[in-house]
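Now for the letters of each chain:
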Amino acid sequence: MAEIPDEEFILKTTSACAGCSASLILRYVTKAAGKDTVLVVPACCTSVIQGVYPNTAMNIPVYNVAFASAAAVASGMSEAFRAVGKKTNVICFAGDGGTVDIGIQALSGALERGTDFLYICYDNEAYSNTGMQRSGATPLGASTTTTPLGKKDYKKDLDAIVQAHNPVYMATACSAYPVDLYNKVKKALSIPGPKFMHILAPCPPGWRYPSEKTIEVGKLAVQSGMWVLYERENGKLSISGASKAAMKKRIPVSEYLKVQGRFKTATEEDISVLSEHVENNIKKLEREVEGIC
Amino acid sequence: MSAKLAISKPKTGASGKTGSWRTFKPVVDMDKCNKCGNCYRFCPDGTIDTEFNIDYDYCKGCGICVEVCPKKAITMVRED
Ligand SMILES: Cc1ncc(C[n+]2csc(CCOP(=O)(O)OP(=O)(O)O)c2C)c(N)n1
Ligand code: SF4
Ligand code: SF4
Ligand code: SF4
Ligand SMILES: [Mg+2]
């Protein structure tokens, strides 16, 4: 396991909210990727937190692009670098809205074309930058400004959609486990071809919990099984460190929900549906690990 | 032909001195600290260095460092 470098690629500081996990994720993604990297960022919190023009906190090149285009831009950029013999890492860093809803066609196309890039979706489970509207990644039961009584639909299964493209590498991560996250980004960037990471990103104002609880909320997501850390290398699944224990024994989903104001409106039925969903997902992953699927 | 492109340059303080956002500030008691590095590791904004000094010009006062400290060596103190 590589030592994590002390060098920082984000200068003090962005204008992200206090306690923003997306900032912590960016810190480790850039540490893993290093100087020879371009970030491609569609409209999201990450595009507005960089600083006030003509200055930026980002000490590596960032290309801010239109919402639906991130993976298409990255595709062209990667082709151009490779054509002139450059190994520069091309990383899309996109929100959940910009991925599961708006950018999905570009992502699908880039994966299908075998683009040599890493696509990272940091998932704060809503359109946070514009004031927390519901996205396809918002979980059932969560209230947002457009679902004030709690969302009635399920979270879209982005990972299953990506998996159907058979990328060379895909993984999940969470800001509460930065070493796991760092190692996964490192590994992804060491493999040529299309790579994908889905990173859970707790958001204090959006999820309505106090800023100091960002790490605890991420850990509760993993300990309850609401978020499972895993990797798929050439299709082969392995469950990662912190989620191995949760595969066997989990805390109740309600422990994760009750620390977040956005689940205040969740009904008993919502909670049992979410719990059942966790159990089914864990069973499905267990069978896949054992080779029965 | 020269195209006009909006290109920003990297600079410390690109979002201003975000330390002014704080209502409470984290203070480290070095006598209690065991140098585990958790505060440095988990600070979302990189405002704690590897010697566990906090940069108060930029620390946003989120309180994460307090929560992840196993020695309870950091306390939040109200700003004057
Ligand atoms: C075509 C277009 N529609 C809408 C917007 C406004 N907009 C900017 S950021 C954003 C929210 C993005 O949500 P997500 O991708 O989840 O990222 P987050 O803000 O949560 O980090 C929206 C709707 C835009 N910039 N461009
Ligand atoms: S709204 Fe959420 S994701 Fe966006 S900057 Fe604030 S904490 Fe980060
Ligand atoms: S309060 Fe937050 S921003 Fe300030 S040093 Fe601690 S973790 Fe970093
Ligand atoms: S987390 Fe606490 S004990 Fe660990 S280095 Fe920071 S102040 Fe010291
Ligand atoms: Mg979002």
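Residues numbered from 1 in each chain as written. Chains lettered and ligands numbered in written order. Predicted model: local features only at pLDDT ≥ 70, side-chain atom pairs only at ≥ 80, totals over all residues. Heavy atoms only, no water.

(A) Quick look at the site of ligand 3. For ligand 3, the full set of nearby residues is P26(B), C43(B), T47(B), I48(B), C59(B), K60(B), G61(B), C62(B), G63(B), I64(B) and C65(B). Partitioning the shell around ligand 3 into residue classes produces seven nonpolar, three polar and one charged. (Near = heavy atom within 4 Å. Nonpolar A, V, L, I, M, F, W, Y, C, P; charged D, E, K, R; others polar.)

(B) Main features of the site of ligand 2. Lining the immediate surroundings of ligand 2 are A16(A), C17(A), C20(A), C45(A), N124(A), S128(A), C203(A), P204(A) and P205(A). Here the residues of the shell around ligand 2 are counted per class, giving seven nonpolar, two polar and no charged.

(C) Structural detail: the nonpolar core. Judged by nonpolar contacts, the single largest core of 95 residues is most densely connected at F117(A) and Y119(A). In terms of residues, this core owes the most to one element, helix α1 (residues 21–33) of chain A, which gives eight residues. If we ignore the near neighbours within four places in the chain, the residues touching Y119(A) are A71(A), C92(A), A94(A), G98(A), T99(A), L107(A), K195(A), F196(A) and M197(A). Among the nonpolar cores identified, the runner-up in size contains 11 residues, and C39(B), C43(B), C59(B) and C69(B) belong to it. (Core = buried A, V, L, I, M, F, W, Y, C linked by side-chain atoms within 4.5 Å. Buried < 20%, exposed > 50% of the residue type's maximum accessible area, 1.4 Å probe, protein only. Helix = DSSP H or I, 4+ residues; strand = E, 2+ residues; numbered from the N terminus. Contact = heavy atoms within 4.5 Å.)

(D) Spotlight on the packing of aromatic side chains. Following the criterion strictly, the structure yields three aromatic pairs over all chains and no others. For the ring pair F117(A) and Y119(A), a centre distance of 6.3 Å and an interplane angle of 75° mean the geometry is edge-to-face. A residue is classified by how much of its surface remains accessible, and F117(A), at 1% relative accessible area, is buried. Y119(A) sits in the buried class, given a relative accessible area of 1%. Among the aromatic side chains, those forming a connected cluster through ring pairs are F117(A), Y119(A) and F196(A). One cation-aromatic arrangement involves R27(A) over Y40(B); the distance from NZ or CZ to the ring centre is 5.3 Å. The ring of Y56(B) is capped by K25(B), whose NZ or CZ atom sits 4.9 Å from the centre of that ring. (Phe/Tyr/Trp six-rings, centres within 6.5 Å; stacked < 30°, edge-to-face > 60°. Lys NZ or Arg CZ within 6 Å of the ring centre and 35° of its normal.)

(E) Focus on the confidence of the model for chain B. Predicted confidence across chain B gives a mean pLDDT of 96, with 98% of residues reaching 70 or more. Across the whole predicted complex the pTM is 0.98, and at the interface the ipTM reaches 0.96. (pLDDT = per-residue confidence, 0-100.)

(F) Structural view of the packing of α1(A) against helix α7 (residues 178–190) of chain A. All names here are of chain A. One can describe the packing of α1 onto α7 by two numbers: an axis separation of 9 Å at closest approach and a directional angle of 40°. Judged by the inter-axis angle, α1 sits oblique to α7. Crossing angle aside, the handedness with which α1 passes α7 is right-handed. Between α1 and α7, the residues in contact are I25, Y28, V29, K31, A32 and A33 and P178, L181, Y182, V185, K186 and L189, respectively. Per-class residue counts for the contact of α1 with α7 are 10 nonpolar, no polar and two charged. (Axes fitted to C-alpha atoms, helices over the stretch in contact; angles between N-to-C directions. Parallel < 35°, antiparallel > 145°, perpendicular 65-115°, else oblique. Left-handed = near helix turned anticlockwise from the far one by under 90°.)

(G) Examining the interface of chain B and chain A more closely. Counting from both sides, the interface comprises 29 residues of chain B and, opposite them, 37 residues of chain A. Summed over both sides, the interface of chain B with chain A buries roughly 2600 Å², with 55% coming from carbon and sulfur. Counting the surface chain B buries against chain A, the share from its top three residues, A14(B), F42(B) and P44(B), is 19%. Summed over the shared surface of chain B and chain A, the result is two salt bridges. The partner of D55(B) in a salt bridge is K12(A), and the shortest N-O contact between them spans 2.8 Å. Joining chain B to chain A, the criterion identifies 20 residue pairs in polar contact (both at pLDDT 80 or more). Counting only elements with at least two residues in the side of chain B that touches chain A, the list comes to β1 (9–10), α1 (38–42) and α2 (64–68) of chain B. In terms of residue class, the side of chain B that touches chain A is built from 13 nonpolar, nine polar and seven charged. Looking at chain direction, strand β2 (residues 55–56) of chain A and β1(B) are connected through two bridges and run parallel. Across the sheet, N55(A) pairs through a bridge with K9(B), a residue of β1(B). (Buried area = accessible area lost by both parts, 1.4 Å probe. Salt bridge = Lys/Arg side-chain N within 4 Å of Asp/Glu carboxyl O. Polar contact = N/O pair within 3.5 Å; in protein donor to acceptor, adjacent residues only side chain to side chain. Pairing = 2+ DSSP bridges.)

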